[in-house]
Amino acid sequence: MAAREDTVAVKCDLTDTFGFFIQGLLAVVAFSTLILKRFREPKNLRRPLQIWFYDTSKQAIGALVIHFANVYLSTLFKGDPCTWYFINYLLDSTIGLCLIYIFLQISQFIVHCYKWDTLILGEYGKPPQCDAWIGQCGLYILIMILEKIAIALLVMLDFWHDVRRFILKPVRKYPKVEVALVMLIVPFIINAIMFWVVDNFLMRKAKKSRETNETGRVQFSRVNSSNTEEVEVLLDNSDSEHLTHRGHEA
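What you see is a predicted model, and the numbers here were worked out from it, not measured in a lab.

Student: Looking at this model, I keep getting lost on the nonpolar core. Mind explaining?
Tutor: Side chains of nonpolar character tend, in soluble globular proteins, to be buried together. Cys82, Tyr85, Val179, Val182 and Met183 are the most contacted members of the largest nonpolar core, which has 17 residues in total. With six residues, helix 8 (residues 175–202) is the single largest residue contributor to this core. Two domains each provide a minimum of three residues to this core, namely domain 1 (14–46) and domain 2 (49–169). Every residue in contact with Met183, bar those within four places of it in the chain, is listed here: Leu14, Gly19, Ile22, Gln23, Leu26, His67, Val71 and Tyr85. Listed in part, the 10 residues of the second largest apolar core include Ile87, Ile151, Ala152 and Val163.

Student: Before we go on, may I ask you to explain the environment of Ile61 in this structure?
Tutor: Relative to the elements of secondary structure, Ile61 occurs in helix 3 (residues 49–74). Looking at Ile61, the relative accessible area reads 31%, which means it is partly exposed. The spatial distance from the C-alpha of Ile61 to the C-alpha of Met144 is 9.7 Å, given a sequence separation of 83 residues. In this structure Ile61 touches Trp133, Cys137 and Ile141, once residues within four positions along its chain are discounted.

Student: Got a minute to help me understand helix 4 (residues 81–93) in this structure?
Tutor: Each full turn of the α-helix corresponds to 3.6 residues, which orients residues three or four apart in the same direction. Between its first and last C-alpha, helix 4 extends 18 Å over 13 residues, near the 18 Å set by a 1.5 Å rise per residue. Among the residues of helix 4, those classed as buried are Pro81, Cys82, Thr83, Trp84, Tyr85, Phe86, Ile87, Asn88, Tyr89, Leu91, Asp92 and Ser93. Here helix 4 starts with a cap whose side-chain oxygen sits 3.2 Å from the backbone nitrogen of Cys82, and that cap is Asp80.

Student: How do you make sense of the side chain of Glu147 when you look at a structure like this?
Tutor: Of note, Glu147 is situated in helix 6 (residues 130–155). With no salt bridge to any partner, buried Glu147 finds its closest opposite charge in Lys148, at an N-O distance of 5.4 Å. Excluding anything up to four places from it in sequence, Glu147 contacts Ile66, Asp92, Gly96, Leu99, Ile100 and Phe103.

Student: Explain unusual backbone geometry to me, please; I cannot follow it from the model alone.
Tutor: The bulk of non-glycine residues show a negative phi, and the bulk of peptide bonds are trans. Residue Lys126 is joined to Pro127 through a cis peptide bond whose omega torsion reads 0°. Counting through the fold element by element, Pro127 comes out in the loop between helix 5 (95–113) and helix 6.

Student: I tried to follow the packing of aromatic side chains on my own but got confused; where do I start?
Tutor: Geometrically, a pair of aromatic rings is defined through the distance of the ring centres and the angle of the planes. Under the criterion given, the structure shown has seven aromatic pairs. When the centroid spacing of 6.3 Å and the interplanar angle of 50° are considered together, the rings of Phe53 and Tyr54 count as tilted. Under the relative-accessibility criterion, Phe53 is labelled partly exposed at 45%. Seen from their ring centres, Tyr114 and Trp116 are 5.0 Å apart, and the 20° between their planes marks the pair as stacked. What makes Trp116 partly exposed here is its relative accessible area of 41%. A network of ring pairs unites the aromatic residues Phe53, Tyr54, Tyr124 and Trp133 as a single cluster.

Student: Sorry if this is basic, but what is going on with the confidence of the model for the chain here?
Tutor: This prediction gives the chain a mean pLDDT of 76; 73% of its residues lie at or above 70. Confidence scores differ between elements of the chain, with strand 1 (residues 217–223) showing the lowest mean pLDDT of 39 and helix 6 the highest of 94. Long-range and interchain partners of residues 1–10, a stretch whose pLDDT sits below 50, account for eight contacts in this model, where long-range means more than four residues apart. Across residues 205–245, where pLDDT falls below 50, the model places 37 contacts with residues more than four positions away in sequence or in other chains.

Calculation rules
Residues numbered from 1 in each chain as written. Predicted model: local features only at pLDDT ≥ 70, side-chain atom pairs only at ≥ 80, totals over all residues. Heavy atoms only, no water. Core = buried A, V, L, I, M, F, W, Y, C linked by side-chain atoms within 4.5 Å. Buried < 20%, exposed > 50% of the residue type's maximum accessible area, 1.4 Å probe, protein only. Helix = DSSP H or I, 4+ residues; strand = E, 2+ residues; numbered from the N terminus. Domains from an automatic or database assignment. Contact = heavy atoms within 4.5 Å. Expected span 1.5 Å × (residues − 1). Polar contact = N/O pair within 3.5 Å; in protein donor to acceptor, adjacent residues only side chain to side chain. Lys, Arg positive; Asp, Glu negative; His and termini not counted. Salt bridge = Lys/Arg side-chain N within 4 Å of Asp/Glu carboxyl O. Phe/Tyr/Trp six-rings, centres within 6.5 Å; stacked < 30°, edge-to-face > 60°. pLDDT = per-residue confidence, 0-100.

In structure tokens, the structure reads:
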């Protein structure tokens with residue numbers, strides 16, 4: 001049985017010509033998800049092209065780090081490397097995604113505490129500065145590494161040795177189908193969801209003030225004669241015009 005698994009492991013090669021072709025195809029298809037997401041964003045909230053590139057390139061770099069880490073780790077475990085890659089990938093896309101969110105929240109809490117403004121995710125300055133993007137890329141890569149270490153430790157549990165025996169059993173006789181399944185078909189579906197979600201983590205949220213301005217409300221101030229404090233009042237355009245009209249009549 002062990003000899004048969006070793007033979008299968010030799011046939012399933014993630015780093016041959018076919019494997020690299022599938023990986024490149026996956027990268028193109030997955031990144032197209034972010035392009036689709038950009039055009040589905042409301043025009044008034046759509047990020048400028050440079051900001052969008054900064055946000056999505058962080059994801060692309062982080063995804064490459066995780067991908068090549070999974071390819072490398074799959075060769076370290078005994079048995080079919082496609083199976084180990086598949087297990088790592090599924091864990092990255094489920095538990096790993098939760099860890100990424102937690103690490104992002106912790107990192108942003110620290111960033112705000114120490115006022116490291118260039119590391120606030122999605123904020124690049126006006127005009128956008130490349131050094132802010134580089135710093136945020138470094139922070140995101142660090143988070144990816146921490147997530148991958150946690151998942152790698154989880155994969156070392158004996159439980160996964162039992163899982164690998166049956167998880168891809170129906171296609172083990174067809175190594176190219178196995179490679180396409182674990183590196184293209186399943187990742188395409190999961191990456192589309194994962195990229196969409198993580199992009200929401202990384203992008204700067206629209207300011208509430210922008211939404212307020214778009215509702216047709218105006219802001220002005222008046223002085224209270226009793227305590228000379230300036231009080232800000234928000235009125236609808238209709239209310240503002242009505243108040244102005246009454247002022248003229250008086």
